[in-house]
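Single-letter residue listing:
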Amino acid sequence: MVTTSDVAQKRCNSTVFFRKMVSQLAAEPTRPYTCVAPCSWDKLIIVNLPKSLEPRLTMMVENGWGIQDSRVIQRTRHGCSLRLKLIGNPWNGETGQPGVQLRQLLLDIVKLFQTQNFKLIADVNFRGSTDSLFFESRVQSFGLATPEEMFAVSLNRVDRLRLVASNTELQHNVGSLIQQTWTRGIQQVITIFYRRLITK
């Protein structure tokens, strides 16, 4: 798989792009995969989560948003599949500070997997709702970004681009690129600092 993309906002789910692998690359052994899938209005399903990440991920979600209920769906010798019921309705199109908080949480989850040599390989929208994130275990961390280098880009409404956990240089570069390539330019720049809004 090369990448995935939502090519339209309506009447289209994800498009998955593949590349045929030949010779040595095609003969590589299969690696463990993990899936993080937001579902319903308030649940986070994690499939094939390594044992070492179970307490860390649960604590991260608790601190980053809040967990109402946690349940192990299945255990294997390598790990487990979890269902976390979050407080409130986070997948119901949160905007403003809660939207930034939610995207920061998802970025933190990606960073956590990256520290354990799991590479984000795809985000697939199965039913026109939230994306499911797929991670592949890598034997070596060579070529993977460090968590400090990672940030998120979020496309919001019909005319907004949100940079989450990005540094000033990156913000400047993205702004310059938009000014150079988008004839209408940038209408407004807003800085949002989030704090945990939902408490038990």
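Bear in mind the structure is a predicted one, so any value in this text is a computation, not a measurement.

*Asks:* Tell me about the overall build of the protein, and name the residues and values.
*Replies:* A count of helices and strands for the protein gives four helices and 10 strands. Listing the helices and strands of the protein from first to last along the sequence gives β-β-α-β-β-α-β-β-α-β-β-β-β-α. With 200 residues in all, the protein has 34% of them scored as buried. Counting every atom, the protein has about 13300 Å² of accessible surface; 53% of that belongs to carbon and sulfur.

*Asks:* I'd like to hear about the sheet that holds strand β3 (residues 33-39), residue by residue, with values.
*Replies:* Read from one edge to the other, the open sheet built from six strands follows the order β5-β6-β4-β3-β8-β7, with strand pairing classed as antiparallel. For this open sheet the edge positions go to β5 (67-75) and β7 (118-124), each flanked by a neighbour on one side alone. Strand-to-strand twist of the sheet, defined as the mean angle between neighbouring strand axes without regard to direction, takes the value 20°. As paired elements, β5 and strand β6 (residues 79-86) share seven bridges and run antiparallel to each other. Paired with Asp-69 across the bridge in β6 is Lys-85.

*Asks:* For the pattern of salt bridges, give the residues involved together with the corresponding values.
*Replies:* A side chain with one charge may pair with a side chain of the opposite charge, provided their charged atoms come close. Tallying each qualifying case throughout the model produces four salt bridges. Two residues, Asp-42 and Lys-43, come together in a salt bridge whose shortest N-O distance is 3.2 Å. There is no split in this pair, since Asp-42 and Lys-43 are both buried. A salt bridge links Arg-83 to Asp-69; the shortest N-O distance between them is 3.0 Å. One end of the pair, Arg-83, is in strand β6; the other, Asp-69, is in strand β5, with 14 residues separating them in the sequence.

*Asks:* Could you give me a rundown of a nonpolar patch on the surface, with the residues and numbers involved?
*Replies:* Taken together, the side chains of Phe-151, Val-153 and Leu-161 define a hydrophobic patch exposed on the protein surface, amounting to about 250 Å² of accessible area. Structurally, the position occupied by Val-153 is in strand β9 (residues 152-156).

*Asks:* Any details on unusual backbone geometry? Residues and values, ideally.
*Replies:* With a phi angle near 55°, Ser-40 is a residue other than glycine that sits in the positive phi range. Tracing the chain through its elements places Ser-40 in the loop between β3 and β4 (43-50). Given a relative accessible area of 43%, Ser-40 falls into the partly exposed group. Residue Asn-117 is not a glycine yet carries a positive backbone phi of 65°. For Asn-117, the position within the fold is in the loop between α3 (96-115) and β7.

*Asks:* Kindly report on the packing of aromatic side chains, identifying the contributing residues and their values.
*Replies:* On inspection of all chains with the given rule, the structure shows one aromatic pair. Plain terms: the ring middles of Phe-113 and Phe-118 are 5.8 Å apart, the flat faces sit at 75° to each other, and that makes the pair edge-to-face. By relative accessible area, Phe-118 is classed as buried at 7%.

*Asks:* Any details on the side chain of Glu-54? Residues and values, ideally.
*Replies:* Looking at where Glu-54 falls in the secondary structure, it is placed in helix α2 (residues 54-64). Within the local environment of Glu-54, its side chain forms a polar contact with the side chain of Arg-75, the two groups lying 3.1 Å apart. With residues near it in sequence (within four places) discarded, Glu-54 still touches Leu-49, Val-72, Arg-75, Cys-80 and Leu-82.

*Asks:* Give a detailed account of the pairing of β3, specifying residues and quantitative values.
*Replies:* Where a strand is regular, its side chains alternate between the two sheet faces. Burial runs high along β3: five of the seven residues are buried. For β3 and strand β8 (residues 132-137), the ladder comprises four bridges, and the chain directions are antiparallel. What sits directly across from Val-36, in β8, is Leu-133. Of the strand pairs in this sheet, β3 and β4 are connected by five bridges, and their pairing is antiparallel. Note on β4: the bridge partner recorded for Cys-35 is Val-47. Turn length for the β3-β4 hairpin, with the two strands adjacent in sequence and antiparallel, is three residues, and the turn residue Ser-40 shows positive phi of about 55°.

Thresholds, definitions, all that
Residues numbered from 1 in each chain as written. Predicted model: local features only at pLDDT ≥ 70, side-chain atom pairs only at ≥ 80, totals over all residues. Heavy atoms only, no water. Helix = DSSP H or I, 4+ residues; strand = E, 2+ residues; numbered from the N terminus. Buried < 20%, exposed > 50% of the residue type's maximum accessible area, 1.4 Å probe, protein only. Areas by Shrake-Rupley, 256 points an atom, 1.4 Å probe, with all protein chains shown as cover. Pairing = 2+ DSSP bridges. Axes fitted to C-alpha atoms, helices over the stretch in contact; angles between N-to-C directions. Salt bridge = Lys/Arg side-chain N within 4 Å of Asp/Glu carboxyl O. Patch = residues over 30% accessible without salt bridge, like charges linked within 9 Å, V, L, I, M, F, W, Y side chains within 5 Å. Phe/Tyr/Trp six-rings, centres within 6.5 Å; stacked < 30°, edge-to-face > 60°. Polar contact = N/O pair within 3.5 Å; in protein donor to acceptor, adjacent residues only side chain to side chain. Contact = heavy atoms within 4.5 Å.

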